[in-house]
Amino acid sequence: MINSTLGNQVDNSLVSNAFGFLRFPLNFQPYSSDAEWVITGVPFDMATSGRAGSRHGPAAIRQVSTNLAWESHRWPWNFKLTDRLNVVDCGDVVFAFGDAQDMSDKLQAHTEKLLESGKRCLTFGGDHFVTLPLLRAHAKHFGKMALVHFDAHTDTYGNGSKFDHGTMFYHAPKEGLIDPNHSVQIGIRTEHDSDNGFTVLDAGQVNDRSVDDMVAQIKEIVGDLPVYLTFDIDCLDPAFAPGTGTPVIGGLTSDRALKLLRGIQSLNIVGMDLVEVAPAYDQSEITALAAASIALEMLYIQAAKK
């Protein structure tokens with residue numbers, strides 16, 4: 001289920017022939033590891049409606065993350081991540097080429113097994129459809145959740161499609177996976193149904209209101225439910241993330257996104273993903289670097305609780 005390209009391991013502490021995200025050790029037996037958080041890649045973009053290419057997102061995020069690995073701790077945090085959090089990267093989910101159902105089944109089974117073994121999951125897409133099987137796995141373990149969703153699009157479009165990266169949050173409430181009345185969608189700036197229960201903080205108000213004000217509103221809406229956090233990189237303005245399939249101008253700065261993430265660290269976040277990096281449309285790895293930095297911030301807000 002997990003992809004290994006290592007071959008024979010070199011038994012030498014000074015030599016390694018493969019690295020995961022942020023040079024975390026690659027671990028192809030994550031279920032029995034002592035890791036608290038496990039990173040998984042999902043190289044899938046068959047549900048894309050715009051430009052394809054996000055199947056290469058996990059590799060791009062991992063590759064550029066080496067630029068973040070030299071710091072002993074990430075600014076503005078005052079501690080080293082690995083002093084508080086045990087993280088491994090288990091590689092990519094392997095599924096039958098061209099088979100969206102097989103991907104969905106394999107990703108859900110892998111995630112369920114991680115959760116059953118006491119791990120938490122940070123997943124790299126791939127297009128945003130991958131969040132639906134992730135939600136199914138998390139709901140089996142945690143029950144109905146709140147969703148905190150960063151995006152340019154609400155992805156609540158009920159077009160009847162089974163595999164579509166714009167329909168996950170149409171299907172998820174109907175399946176009882178999330179409670180829209182306790183869920184928040186942040187950075188939206190495209191057409192959407194405003195009468196489906198979700199609280200939408202559109203990009204205009206997110207850019208104009210104070211971070212503290214928005215964080216207080218998010219906490220009030222979410223309450224004490226377990227939270228699934230999903231971040232579509234097109235939430236950022238294309239100036240900060242050009243390498244994505246459906247870019248929309250007028251989005252968030254990377255600075256504002258990071259501040260919002262730091263603000264919600266006290267929420268009971270039980271699972272996280274970052275999706276829709278499409279490196280073929282990137283310039284100077286701007287998008288991949290933004291994604292890697294946001295993913296690192298996601299891990300820091302977990303470590304900060306310890």
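Residues numbered from 1 in each chain as written. Predicted model: local features only at pLDDT ≥ 70, side-chain atom pairs only at ≥ 80, totals over all residues. Heavy atoms only, no water.

## What to know about the overall build of the chain
Part 1: Counting its secondary structure elements, the chain contains nine helices and eight strands.
Part 2: The C-alpha radius of gyration of the chain comes to 18 Å, within 12% of the 19 Å expected for a compact globule of 306 residues.
Part 3: For the chain, the spread of C-alpha atoms along the three principal axes comes to 60 × 45 × 40 Å.
Part 4: The buried share of the chain, taken over its 306 residues, is 56%.
Part 5: Here the contacts in the chain between residues at least 6 apart in sequence split such that 78% fall between residues at least 24 apart.
Part 6: Accessible surface, the chain: about 12400 Å² in total, of which carbon and sulfur atoms supply 48%.
Part 7: Of the charged side chains in the chain, 24 are positive and 37 negative; the average position of the first set lies 5 Å away from that of the second. (Helix = DSSP H or I, 4+ residues; strand = E, 2+ residues; numbered from the N terminus. Rg over C-alpha atoms; globule rule 2.2 N^0.38 Å. Buried < 20%, exposed > 50% of the residue type's maximum accessible area, 1.4 Å probe, protein only. Contact = heavy atoms within 4.5 Å. Areas by Shrake-Rupley, 256 points an atom, 1.4 Å probe, with all protein chains shown as cover. Lys, Arg positive; Asp, Glu negative; His and termini not counted. Charge placed at Lys NZ, Arg CZ, Asp CG, Glu CD.)

## Observations concerning the UniProt feature "binding site: Mn(2+) 1" (unreviewed entry) in the chain
Part 1: According to UniProt, the feature "binding site: Mn(2+) 1" (unreviewed entry) maps to H128, D151, H153 and D155 in the numbering used here. Across 28 residues of sequence, these annotated residues stay compact in space, with a maximum C-alpha separation of 10.7 Å.
Part 2: Take D151: it is sitting in the loop between β4 (146-150) and α5 (168-174).
Part 3: Apart from the residues within four sequence positions on either side, D151 is in contact with H128, I186, G187, I188, R189, D232, D234 and C235.
Part 4: Separated by 3.2 Å, the side chains of D151 and H128 make a polar contact. (UniProt positions renumbered as here; feature names shortened; annotations may be inferred. Polar contact = N/O pair within 3.5 Å; in protein donor to acceptor, adjacent residues only side chain to side chain.)

## Section: the packing of helix α7 (residues 211-222) against helix α8 (residues 254-263)
Part 1: Close contact between α7 and α8 brings their axes to 9 Å; oriented N to C, the two are set at 45°. By the angle between their directions, the pair α7 and α8 is classed as oblique. Regarding α7 and α8, the two cross each other, and that crossing is right-handed. On α8, the residues that touch V211, M214, V215 and K219 of α7 are R256, K259, L260 and G263.
Part 2: Classifying every residue of the contact of α7 with α8 gives four nonpolar, one polar and three charged. (Axes fitted to C-alpha atoms, helices over the stretch in contact; angles between N-to-C directions. Parallel < 35°, antiparallel > 145°, perpendicular 65-115°, else oblique. Left-handed = near helix turned anticlockwise from the far one by under 90°. Nonpolar A, V, L, I, M, F, W, Y, C, P; charged D, E, K, R; others polar.)

## Quick word on the UniProt feature "binding site: Mn(2+) 2" (unreviewed entry) in the chain
Part 1: Within this structure's numbering, the places UniProt gives as "binding site: Mn(2+) 2" (unreviewed entry) are D232 and D234.
Part 2: Tracing the chain through its elements places D232 in strand β7 (residues 227-232).
Part 3: Classification of D232 as buried rests on a relative accessible area of 2%.
Part 4: Apart from residues no more than four positions distant in its own chain, D232 is found in contact with H128, F150, D151, V275 and E276.
Part 5: Relative to the assigned elements, D234 resides in the loop between β7 and α8.
Part 6: When neighbours within four sequence positions are excluded, D234 is seen to be in contact with D151, A152, H153, R189, T244 and T246.

## Re the environment of A100
Part 1: Tracing the backbone through its elements, the reader meets A100 in helix α3 (residues 100-116).
Part 2: Judged by relative accessible area, which is 10%, A100 ranks as buried.
Part 3: Apart from the residues lying within four places of it in its own chain, the contact partners of A100 are F44, M46 and F163.

## Digging into the sheet that holds strand β5 (residues 184-188)
Note on sheets: strands pair through backbone hydrogen bonds, and any given pair is parallel or antiparallel.
Part 1: Spatially, eight strands are ordered β2-β1-β3-β8-β7-β4-β5-β6 in an open sheet, and the strand pairing comes out parallel. The sheet is open, and its two borders are formed by β2 (87-92) and β6 (199-202), each paired with just one other strand. For this sheet, the mean angle separating the axes of adjacent strands, direction not counted, is 15°.
Part 2: Bridge count between strand β1 (residues 37-42) and β2: four bridges; the pairing is parallel. Across the sheet, the residue bridging to G41 is D92, located in β2. (Pairing = 2+ DSSP bridges.)

## A closer look at α7
Part 1: Under the 1.5 Å per step criterion, the end-to-end length of α7 is 16 Å for twelve residues, consistent within 8% with the ideal 16 Å.
Part 2: Within α7, burial applies to V211, M214, V215, I218, I221 and V222. Down the axis, α7 shows its buried residues gathered within 130° of arc, on one side only. Opposite the buried face of α7, at more than 90 degrees from it, the exposed residues are D212 and E220.
Part 3: Where α7 terminates, the next one or two residues include G223, which has phi positive at roughly 70°. (Expected span 1.5 Å × (residues − 1). Arc of directions from axis to C-beta.)

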